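What the coordinates show
Below, each chain spelled out in residue letters.
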Amino acid sequence: MITIDPSVIVLVIFYMITLTFLLLITKIRKKRIYSIDFFIQATFILYLMMLAKYTLLPIRLFADADISAATYFQLTPLTSILFYLQNLDVPVYGIQLFGNLILLLPFAIYLNIKKQRSLMFNIITPIIISLSIETLQLLIDFITHFPNKIFDVDDLLLNVAGFLIGALLSKYARAIIGSLKLRLQ
């Protein structure tokens, strides 16, 4: 039997509504819609929704659990990264390591696709985004009294590294988008 996560259904409905508003706003502004630009915007919205789903959901409620607040965070740099690297034969650790590395990579491509941003922008932006995600995870843990997701300083390092890789790759994405626009005109 196939089971569907209710949050996925909500995300799909929200995504369809968001795309409808995106089209309406574009029509109201009387801008010409390039299919490639709409595709980029639509995939960015989908990416943001999936980013929220995988970093914040599900939220488990265990108010009666007697769990130490120290299990909600890991603040020693490189502890998790070294542990994951030593245990790559366990799939979940490889997923955790590479998942955090590629988590913000698409974000960097989307933000740098029209024009290359400065190095400072490409360093500060992922720090702010990743710190916001980790802080939200920590707040959810304290509110629910259960470690749903862990605030991990190594996640910040991996997210920033992935964002920087994405910023470098955006040069190639920009070239591909440019050639597609030329062919569509």
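Residues numbered from 1 in each chain as written. Predicted model: local features only at pLDDT ≥ 70, side-chain atom pairs only at ≥ 80, totals over all residues. Heavy atoms only, no water.

1. As for a nonpolar patch on the surface
Judged by side-chain polarity, Ile2, Ile4, Val8, Ile9, Val12, Ile13, Met16, Ile17, Phe21, Leu24, Ile25 and Ile28 come together as a nonpolar surface patch covering roughly 1200 Å² of accessible area. Along the polypeptide, Ile9 turns up in helix α1 (residues 6-28). What makes Ile9 partly exposed here is its relative accessible area of 43%. (Patch = residues over 30% accessible without salt bridge, like charges linked within 9 Å, V, L, I, M, F, W, Y side chains within 5 Å. Areas by Shrake-Rupley, 256 points an atom, 1.4 Å probe, with all protein chains shown as cover. Salt bridge = Lys/Arg side-chain N within 4 Å of Asp/Glu carboxyl O. Helix = DSSP H or I, 4+ residues; strand = E, 2+ residues; numbered from the N terminus. Buried < 20%, exposed > 50% of the residue type's maximum accessible area, 1.4 Å probe, protein only.)

2. Focus on the packing of aromatic side chains
Under the defined criterion, the tally for this structure stands at nine aromatic pairs. With centroids separated by 6.4 Å and ring planes inclined at 25°, the aromatic side chains of Phe44 and Tyr47 adopt a geometry described as stacked. Of this pair, Phe44 and Tyr47 both sit in helix α2 (residues 35-56), separated by three residues, roughly a single helical turn. Pairwise contacts between aromatic rings join Phe44, Tyr47, Phe107 and Tyr110 into one cluster. Taking NZ or CZ as reference, Lys53 lies 5.1 Å from the ring centre of Tyr54, over its face. The lysine or arginine in question, Arg117, covers the ring of Phe121, its NZ or CZ lying 5.0 Å from the ring centre. (Phe/Tyr/Trp six-rings, centres within 6.5 Å; stacked < 30°, edge-to-face > 60°. Lys NZ or Arg CZ within 6 Å of the ring centre and 35° of its normal.)

3. As for the environment of Leu131
Turning to its location among the elements, Leu131 is positioned in helix α6 (residues 119-144). Sequence separation between Leu131 and Phe151 is 20 residues; the distance between their C-alpha atoms is 9.0 Å. When near neighbours in sequence (up to four residues on either side) are disregarded, Leu131 contacts Pro126, Phe151 and Leu156. (Contact = heavy atoms within 4.5 Å.)

4. A look at the nonpolar core
Ranked by size, the top nonpolar core spans ten residues in total: Tyr47, Leu51, Leu103, Leu104, Phe107, Ala108, Ile129, Ile133, Phe163 and Ala167. Secondary-structure elements contributing two or more residues to this core are α2, α5 (105-112), α6 and α7 (153-184). If we ignore the near neighbours within four places in the chain, the residues touching Phe107 are Phe44, Tyr47, Leu48, Leu51, Ile129 and Phe163. The next biggest cluster of nonpolar side chains, apart from the first, holds eight residues, and it includes Tyr15, Leu19, Leu22 and Met49. (Core = buried A, V, L, I, M, F, W, Y, C linked by side-chain atoms within 4.5 Å.)

That's the geometry; what it means functionally is another story.
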